[in-house]
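# Topology and contacts: notes
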Amino acid sequence: MSRKVLLDSNQIHIILHRLACQLVEKHTDFKNTVLVGIQPRGIYVANRLEKILKQEYGLKDIKTGQLDITFYRDDFRRGEKPLEANKTRIDFVVEDKRVVFIDDVLYTGRSIRAALTAIQSFGRPSEIELLSLIDRRFSRHLPIQPDYNGRQVDAINEEKVKVSWEENDGEDAVYLISK
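So, here's what we can say about the structure. The residue numbering used here restarts from 1 in each chain and proceeds along that chain's sequence as written. Under the rules for a predicted model, residues below a pLDDT of 70 receive no local features and side-chain atom pairs below 80 are neither given nor counted, while totals for whole chains, interfaces and linings still include all residues. To get the side-chain values, take all heavy atoms of the structure and skip hydrogens and water.

## Points about helix α1 (residues 9–27)
For helices the rule is a DSSP run of H or I covering at least 4 residues; for strands it is a run of E covering at least 2, with both sets numbered from the N terminus onward. Helices are assigned an expected span. That span is 1.5 Å times one less than the residue count. Taking 1.5 Å per residue, 19 residues should reach 27 Å; α1 reaches 27 Å between its end C-alpha atoms and fits that length. Each residue is assigned to one of three classes by its accessible area relative to the maximum for its type, calculated with a 1.4 Å probe on protein chains only: buried under 20%, partly exposed between the two thresholds, exposed over 50%. Among the residues of α1, Ile-12, Ile-15, Leu-16, His-17, Leu-19, Ala-20, Leu-23 and His-27 are the ones counted as buried. Regarding α1, its N-cap is Asp-8, as a side-chain oxygen of that residue lies 3.1 Å from the backbone nitrogen of Asn-10 further along. In protein, a polar contact means a hydrogen-donor-capable atom and an acceptor-capable atom, both N or O and within 3.5 Å, with residues adjacent in sequence counting only if both atoms are side-chain atoms; elsewhere, any N or O pair within 3.5 Å suffices.

## Observations concerning the side chain of Asp-103
By secondary structure assignment, the location of Asp-103 is in strand β4 (residues 98–106). When sequence neighbours within four positions are dropped, the list of residues in contact with Asp-103 reads Ile-38, Arg-41, Gly-42, Val-45, Ser-111, Ile-112, Leu-131, Ser-132 and Leu-133. Two residues qualify as a contact provided that any one of their heavy atoms is within 4.5 Å of a heavy atom in the partner residue.

## What to know about the pattern of salt bridges
Here, a salt bridge means any side-chain nitrogen of Lys or Arg that lies within 4 Å of a carboxyl oxygen of Asp or Glu. Across all of its chains, the model carries 13 salt bridges by this definition. Where Glu-50 meets Lys-54, a salt bridge forms, and the shortest distance between an N and an O atom there is 3.2 Å. Within this pair, Glu-50 and its partner Lys-54 are both found in helix α2 (residues 42–57), separated by 4 residues, close to a single helical turn. In this structure Glu-50 comes out as buried when scored by relative accessible area, which is 17%. With a closest N to O distance of 2.5 Å, Asp-135 and Arg-140 form a salt bridge. Owing to a relative accessible area of 16%, Arg-140 belongs among the buried residues under this scheme. The structure contains a network of salt bridges with shared partners spanning Lys-26, Arg-98, Glu-127 and Glu-129.

## Focus: the nonpolar core
We call a set of buried residues a nonpolar core when its members are Ala, Val, Leu, Ile, Met, Phe, Trp, Tyr or Cys and they connect through side-chain atoms within 4.5 Å of each other. Ranked by size, the top nonpolar core spans 33 residues in total, and within it Leu-49, Leu-131, Leu-133, Ile-134 and Val-174 carry the most contacts. For this core, the secondary-structure elements that each account for two or more residues are β1 (2–7), α1, α2, β4, β5 (127–135), β7 (160–164) and β8 (173–178). Setting aside residues up to four positions removed in sequence, Leu-133 forms contacts with Ile-15, Leu-16, Val-45, Asp-103, Asp-104, Asn-149, Gly-150, Arg-151, Val-163, Trp-165 and Val-174.

This is the structure we're talking about:
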């Protein structure tokens, strides 16, 4: 098994700042916009972006939540082992809001399809956008594309893209793992 570094800590830092800037361009004061990190790993991207938006752009009233999609996935009952749910924390109304889904890797699009279904439990957003740190653009099973994209990665299906976060894995890095 080989592991190649696609992004190091400095490159991730630059990309997150660019994505934050793009969000500010489109959503200005975030008065009608909410950020929703998709569990489990999209929450790290969402938390980092929230921190950048507050500290560097002076935006104080940013609403950020976490959405668990475990029981909305179309492969929910297909695995050998039972799935464990993560926490959903959405303590705001999404009705008529602009929702930005945030995930670390966009692969087949199935997680985003599940998130589109799951968010309906919290109201009907006026608009939904997608931000992904990594876009595996040639691996889509569904017609889903990110509105904000950190980096496109061309990986074949046998390869895996692994995003590591300082707060969870001890380092910020993105790896391409081959068998």
